[in-house]
Structure formats: structure tokens, C-alpha cells
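# Topology and contacts: notes
So you can see what is in the structure, the chains are spelled out below.
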Amino acid sequence: MTLYRQLLIWSFSILLFLCAGLWAFELVQTRNFLEKQLQSHAQDGATSLGLSITSVTGGKDAAIMESMTSALFDAGFYKVIRIYDLSDNVLIDKSIEIKIKGVPDWFVRLIPLQIPGGNALIMDGWQQSGAIYIESNPGYAYSMLWQSALSDLIWLSCTFLLTAFLGSIALKKLLSPLKTIEQQAIHLTNRKFLVQDPLPKTRELKAVAHAMNRATIRLQEIFNEQASLADSLINKLYQDPLTQIGNRRYVEEQIKTKIEGNRKDIFGAFLIVQIEGLQLLNQIIG
């Protein structure tokens, strides 16, 4: 697997975990807020009903209390409304089975809402004549929580996709000097000495590219030195140092090559003449 893909996978994994953490955090924060709202709503309803019953009947007229409780309960904002006497006997009990529409059952099971109740007293003058207990309807809260979770999920998904797209482009551009270094190494095997210019801006990649350039320049110098040395050795092997023309070995190699490369039969003779005293004469008069 390439370095680009490995970095891409790790970056996407970290980004995915970050987005999932943000989504879960927002979900918990919204749930806590809605639970406080449910508690506040239930307490306000209990206090309001308790004051209304206290001011009208003082908890003595059951029919009026039944009528006032039904009017509040029928609005659909409460799950339970109970009125107790001083002996904790239930005088009025209003409750419904909550059916949450538009919210998946798995979401309700996964994100349970605590439904705190509200309590209030019914007074007859300065004496307590009863008590009220109210629980709010969590259906609206679950609906708001579900809509919030969906909107956060869509927003974070779009953010993840956009960030991943831009990050992949940036990462590819960031690692592009490595491709140049790879091509530089391949050219070295073909005796092509390319120097990377300009150098990358990233400090680590810049150091690698600079080292590769120095190695390329040094290898070019070594190659040129070896080529020059090889040419010198060839000249010494096949050239006469005084006349700078081919020596006997050079002539023999030329003749051998011509003979081996010719498919037809060759007839003839090759004559080598040596002049005695020529070297001494050359040393005397040059």
C-alpha cells in the first residue's frame, strides 16, 4: 500500500472519529436540555393546576377538580396527571400511553429520556388538602431530539465529505515531491542525472530532495571521472603516445573486427615492417 493511501486512511479515520464524537456530544447536550425542559414544563403545569384548584375549590369539589384536570390533560402536553388526598389516595388519575410518531423505535431505545415529574400542593386556606403529580409528554421531546440528531448528522456528513475531498487533494499535492524523487532515482539507473528544482517547501521533504540532488551531482562527477579514466586507458592501450595514432594492438583489433564481420572469404596478406634504429634516431634528432 502506498504512503498516500496509508496517510489518507489514517486521516479519514481520525476525521470520522472526530465527527462521530461531535455528533454524540451534541446529541447528549440536546437530550440533557430537553430533559430539563420536560421537568420545567411538568413543574409549571403542576404549580398552575394546584393554584387554580386552590383558588376555586380548595380541593373540596371533586367535580370541578375533575373538569379542570381534564381541560389541562386534553391539551396533549402531559403524560400523567394525578391528584392525591392527604392519605395518598388517588382521587383523579389521567394518563395515556405515549405513541411517538416519526421517530424510530431503535432511537427511542438507544437514547432514553428521563421524564422527571412535577409536584404541587392543593391548599384549603392555610391547610393542605391534597397534592398534584404531573409528568410531561415526551413525544415532542423525542421528535425534537430526532430532528436535531438528523440535522447534525447531515451537517457533519457534508463537513466530513468536503474536508476529506480537500484533504485528499492537499495530501496528494504535499506528497508530489516524492514522485519527483522517485523519477530522479529511476533516471539515475539510466545514467540520467536530473536535479530537482525548485525544492519542496516542506522541511522534511526539502531535506530529502536536497540530499538526493547532492547524491545525483556526486554520482555524475564520479561517472564523468570514470568515463575520463576509461578513455585515458583506452588511449594508452590503442594509441602510440608519440604520434597519437593507432598502435599495433589497435591495427590488429581493427583487422580482426573486419574479418569477423565479413561473411565472404578474404584473401590477402598483412605485412608489418619494423625499421631498426628508428627509436634511437628519434631520441637524437626528435
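Please refer to the structure placed before this passage.
None of the values given here were measured: they were computed from a predicted structure. (Residues numbered from 1 in each chain as written. Predicted model: local features only at pLDDT ≥ 70, side-chain atom pairs only at ≥ 80, totals over all residues. Heavy atoms only, no water.)

### Overview of the pairing of strand β2 (residues 90-95)
So the rule is basically this: Pairing between two strands is assigned when DSSP locates at least 2 bridges connecting them. To qualify as a helix, a DSSP run of H or I must reach at least 4 residues; to qualify as a strand, a run of E must reach at least 2; elements of each kind are numbered from the N terminus.
In this structure, strand β1 (residues 78-84) lies alongside β2, joined through five bridges in antiparallel fashion. Residue pairing in the sheet places Arg 82 in a bridge with Asp 93 of β2. The hairpin formed by β1 and β2 contains five residues between the paired strands, and Asp 88 there has a positive phi angle of roughly 65°.

### Let's talk about the packing of helix α1 (residues 3-56) against helix α4 (residues 139-174)
Convention followed: Note on geometry: axes are lines fitted to C-alpha atoms, helical ones only across the stretch in contact, with angles between N-to-C directions running from 0 to 180 degrees. The labels follow the angle: roughly parallel below 35 degrees, roughly antiparallel above 145, roughly perpendicular from 65 to 115, and oblique for the rest. Crossings are assigned a handedness: left-handed for a near helix turned anticlockwise from the far helix by less than a right angle, right-handed for a clockwise turn. Gly is placed with the polar residues, together with every amino acid not listed as nonpolar (Ala, Val, Leu, Ile, Met, Phe, Trp, Tyr, Cys and Pro) or charged (Asp, Glu, Lys and Arg).
It is at 9 Å that the axes of α1 and α4 come closest, and there the two elements cross at 160°. Taken together, α1 and α4 sit at an angle that is classed as roughly antiparallel. The two elements α1 and α4 cross, and the hand of that crossing is right-handed. Of the residues assigned to the contact of α1 with α4, the class counts are 21 nonpolar, four polar and four charged.

### Points about helix α5 (residues 176-189)
Here is the rule: The span expected for a helix works out to 1.5 Å for each residue beyond the first. Any two residues whose heavy atoms approach within 4.5 Å are treated as being in contact.
Its 14 residues give α5 an end-to-end C-alpha distance of 21 Å, which sits within 8% of 20 Å, the value for a rise of 1.5 Å per residue. Those residues of α5 hidden inside the fold are in contact with α4 and α6 (203-238). Arg 191 occupies a position one or two residues after α5 and carries a positive phi of about 60°.

### Topic: the nonpolar core
Formally: What we call a nonpolar core is a set of buried Ala, Val, Leu, Ile, Met, Phe, Trp, Tyr and Cys residues that are connected through their side-chain atoms within 4.5 Å. Each residue gets one of three labels from its accessible area relative to the maximum for its type: buried under 20%, exposed over 50%, partly exposed in between, using a 1.4 Å probe on protein chains only.
Ranked by size, the top nonpolar core spans 14 residues in total, and within it Leu 49, Ile 53, Ile 81, Ile 83, Ile 122, Ile 132 and Ile 134 carry the most contacts. Of all the secondary-structure elements, those providing two or more residues to this core are α1, α2 (62-73), β1, β3 (117-124) and β4 (127-136). Counting residues per element, this core draws most heavily on α1, at four residues. Not counting chain neighbours up to four residues away, the residues in contact with Ile 134 comprise Ala 42, Gly 45, Ala 46, Leu 49, Leu 72, Tyr 78, Val 80, Ile 81, Gly 117 and Gly 118. Formed by twelve residues, the second largest nonpolar core is a distinct cluster that contains Leu 38, Ile 111, Leu 113 and Leu 145.

### A word on unusual backbone geometry
Despite not being glycine, Asp 88 has its phi angle at roughly 65°, a positive value. Of note, Asp 88 is situated in the loop between β1 and β2. For Asp 88, a relative accessible area of 60% puts it in the exposed group.

### With respect to the pairing of β4
When you tally the buried positions in β4, you get eight out of ten residues, the bulk of the element. As defined by bridge partners, β1 adjoins β4 across six bridges and the pair is classed as antiparallel. If you follow Tyr 84 over to β4, its bridge partner there is Ala 131. Of the pairings in the sheet, the one linking β3 to β4 comprises eight bridges and is antiparallel in character. Counted as the bridge partner of Met 123 is Gln 128 from β4. The turn joining β3 and β4, which pair antiparallel and follow one another in sequence, is formed by two residues; a positive phi near 75° is taken by Gly 125.

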